[in-house]
Amino acid sequence: MTEHNNVQTLNQFIIERQSDHPGAKGELSRLLHHVEIAAKIVNRAVNKAGLVDILGEHGDQNVQGEDQQKLDVFADTHFIDALRASGECAAVASEENEDIIIFEDEMCKNGKYVFCMDPLDGSSNIDVNVSIGTIFSIFERITPRGQVANMEDFLQEGTKQVAAGYIIYGSSTMLVYTTGNGVNGFTLDPSIGEFCLSHPNIKTPKSGTIYSINEGNYINFPQGVKKYIKYCQEKDARSKRPFTSRYIGSLVADFHRNLLKGGIFIYPQTNKNPDGKLRLMYECNPVAFIAEQAGGLATDGNGRIMEITPDSLHQRVPFYTGSTNMVKKTEEFLHFFN
Ligand code: AHM
Ligand code: MG
């Protein structure tokens, strides 16, 4: 008997879940399998980052005018290659590329899905060995299969996502995803090179005790957010306040911790960035899908993130996500002090 006898690998899990959808032809399963392949390749590079010449800046700037790191480029390239190889994906939108990447070969033109991603989120943390992540969101395309995909396929509300997830390259590497039927987490076992089901059916606590926000921007926060932070710091035994402040500066890592332990992640609008910093299509929507499927909430302070009709690929939105009671309380403050 080996210690892996009872382990369910991500691949087995994906195939088993396919039977939840009668008539499914395995297209999404194949796409997710290729996401898994890319995740393993990026994981290997992230783990070797200090050893090979892959750290540091690449020399280009991405569409947001930020310096691109070499690992960003590496992750972007390998995810795109894997998605193309799956044959199930007609086009990709990435934080690293201004325009969508359309696959024009026959197999991909017939693909049912389009894919949005932040290939390496939290890239300012790469050089200092802090957790980073990949975030992804999958839509069924609107344009007919057999034609090349276009922007219309991407600019859909988050409620239309058929799957979303993230990979966290942390003290261990995990892949967490949903297809709208709960959230499951898989930890990479390097000894067998497989993601194994380690966190089945993740549910986030209704009330948490962690608040995560870059308080260095305090002066520029909306009044409601300033008041909420003060509320978090006040003493109240019944609601377990004061809360704990935790902020890594990697969305995936901050969100993942709060998902498991209970908490709120906030990246609000500020005087400097009136739309916030995070991007709707490949940061907020997928995280919102996971949050809701785990029993939490994700809003822009006014309404559900997943009900925002996108007007552009790299659109930014204010972001409040996590434990239901904490997100609702923040919204109360935002509306009261508006
Ligand atoms: P990136 O996509 O350029 O890495 O930026 C997104 C990151 C998120 O991971 C994180 O939540 C946020 O930026 C941190 O921003 P700040 O440093 O302003 O607190
Ligand atoms: Mg990012």
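Residues numbered from 1 in each chain as written. Chains lettered and ligands numbered in written order. Predicted model: local features only at pLDDT ≥ 70, side-chain atom pairs only at ≥ 80, totals over all residues.

Colleague: How should I be thinking about the site of ligand 1 in this particular structure?
Modeller: Near ligand 1 you find 12 residues, and of these Asp121, Gly122, Ser123, Asn214 and Leu251 are the closest. Residue composition of the shell around ligand 1, grouped by class: two nonpolar, five polar and five charged. (Near = placed C-beta within 6 Å. Nonpolar A, V, L, I, M, F, W, Y, C, P; charged D, E, K, R; others polar.)

Colleague: Which parts of the structure should I look at to understand the UniProt feature "binding site: Mg(2+) 2" (unreviewed entry) in the chain?
Modeller: Residues annotated in UniProt with the feature "binding site: Mg(2+) 2" (unreviewed entry) correspond here to Asp118, Asp121 and Glu283. Taken along the chain, the residues just named run across 166 residues; in space they keep tight, none of their C-alpha pairs more than 8.5 Å apart. Excluding its chain neighbours within four sequence positions, the residues that come into contact with Asp118 are Glu95, Thr134, Ile135, Tyr282 and Glu283. Along the chain, Asp121 turns up in strand β5 (residues 113-121). C-beta crowding within 10 Å serves as the criterion here: with 26 such atoms nearby, Asp121 is assigned to the buried category. Not counting chain neighbours up to four residues away, the residues in contact with Asp121 comprise Ile132, Gly133, Thr134, Ile135, Ser250, Leu251, Val252 and Glu283. (UniProt positions renumbered as here; feature names shortened; annotations may be inferred. Contact = placed C-beta atoms within 7 Å. Helix = DSSP H or I, 4+ residues; strand = E, 2+ residues; numbered from the N terminus. Buried ≥ 20, exposed ≤ 12 C-beta atoms within 10 Å, placed from the backbone.)

Colleague: I'm lost on the nonpolar core in this one. Help?
Modeller: Looking at soluble globular proteins, one finds that nonpolar side chains tend to be buried together. Residues Cys89, Val114, Phe115, Leu175, Cys284 and Val287 are the most contacted members of the largest nonpolar core, which totals 93 residues. By residue number, the principal contributor to this core is helix α7 (residues 280-293), which donates nine residues. Phe115 has contacts with Leu83, Cys89, Val92, Phe136 and Ile138, leaving out every residue within four places of it along the chain. (Core = buried A, V, L, I, M, F, W, Y, C linked by C-beta atoms within 7 Å.)

Colleague: Honestly, unusual backbone geometry in this entry has me stumped. Any pointers?
Modeller: What you tend to see is this: most non-glycine residues have negative phi, and most peptide bonds are trans. Look at the link from Arg241 to Pro242: it is a cis peptide, with omega at 5°. As for its placement among the helices and strands, Pro242 is situated in the loop between α5 (223-233) and β12 (244-245). Backbone geometry at Asn201 places phi at a positive 45°, although glycine is not the residue there. Tracing the backbone shows Asn201 in the loop between β10 (194-199) and β11 (210-212). With 12 C-beta atoms counted inside 10 Å, the residue Asn201 sits in the exposed group.

Colleague: Can you walk me through the environment of Arg246 in this structure?
Modeller: Position of Arg246 relative to the elements: it lies in the loop between β12 and α6 (251-261). Residue Arg246 is classed as partly exposed on the basis of its 17 C-beta neighbours within 10 Å. In sequence terms Arg246 and Tyr211 are 35 residues apart; their C-alpha atoms lie 6.3 Å from each other. In this structure Arg246 touches Ile210, Ser212 and Arg257, once residues within four positions along its chain are discounted.

Colleague: Honestly, α5 in this entry has me stumped. Any pointers?
Modeller: Think of an α-helix as turning once every 3.6 residues; residues three or four places apart then point the same way. Along α5, the positions that sit buried rather than exposed are Val225, Tyr228 and Cys232. On an axial view of α5, the arc spanned by its buried residues comes to 60°, and they lie on one face. Facing away from the buried side of α5, by more than 90 degrees, are the exposed residues Gln223, Lys230 and Gln233. Buried-residue contacts for α5 involve β11, β13 (263-267) and α8 (324-336). (Arc of directions from axis to C-beta.)

Colleague: Explain the sheet that holds strand β14 (residues 297-299) here, please?
Modeller: Think of a sheet as strands paired side by side through backbone hydrogen bonds, with each pair either parallel or antiparallel. Spatial ordering of the open sheet is given by β12-β11-β13-β15-β14, a layout of five strands whose pairing is mixed. The strands lining the two open edges of the sheet, one partner per strand, are β12 and β14. Of the pairings in the sheet, the one linking β13 to strand β15 (residues 319-322) comprises four bridges and is antiparallel in character. Across the sheet, the residue bridging to Ile266 is Tyr320, located in β15. Against the sheet, α7 touches β14 and β15, its axis set at about 150° to β14. (Pairing = 2+ DSSP bridges. Axes fitted to C-alpha atoms, helices over the stretch in contact; angles between N-to-C directions.)

Colleague: Help me understand the sheet that holds strand β8 (residues 173-178), please; the structure alone is not making it clear to me.
Modeller: Strand order across the open sheet formed by eight strands is β4-β3-β5-β6-β7-β8-β9-β10, with mixed pairing between neighbours. In the strand order of this sheet, the two ends are held by β4 (101-102) and β10, each with one partner. Relative to β5, strand β3 (residues 89-94) runs parallel, the two sharing five bridges. Looking at the pairing, Ala91 lines up with Val114 of β5.

Colleague: Looking at this structure, how should I read the pairing of strand β7 (residues 161-169)?
Modeller: Consecutive residues of a regular strand have side chains that alternate between opposite faces of the sheet. In terms of residue burial, β7 counts as a mostly covered element, since eight of its nine residues are buried. One ladder, built from eight bridges, connects strand β6 (residues 132-140) with β7; its direction is antiparallel. Considered in β7, the bridge of Gly133 is made with Ile168. Sheet topology note: the β7/β8 ladder contains six bridges and is antiparallel. Within β8, the residue paired with Gly165 across the bridge is Tyr177. Count of turn residues in the β7/β8 antiparallel hairpin: three residues.

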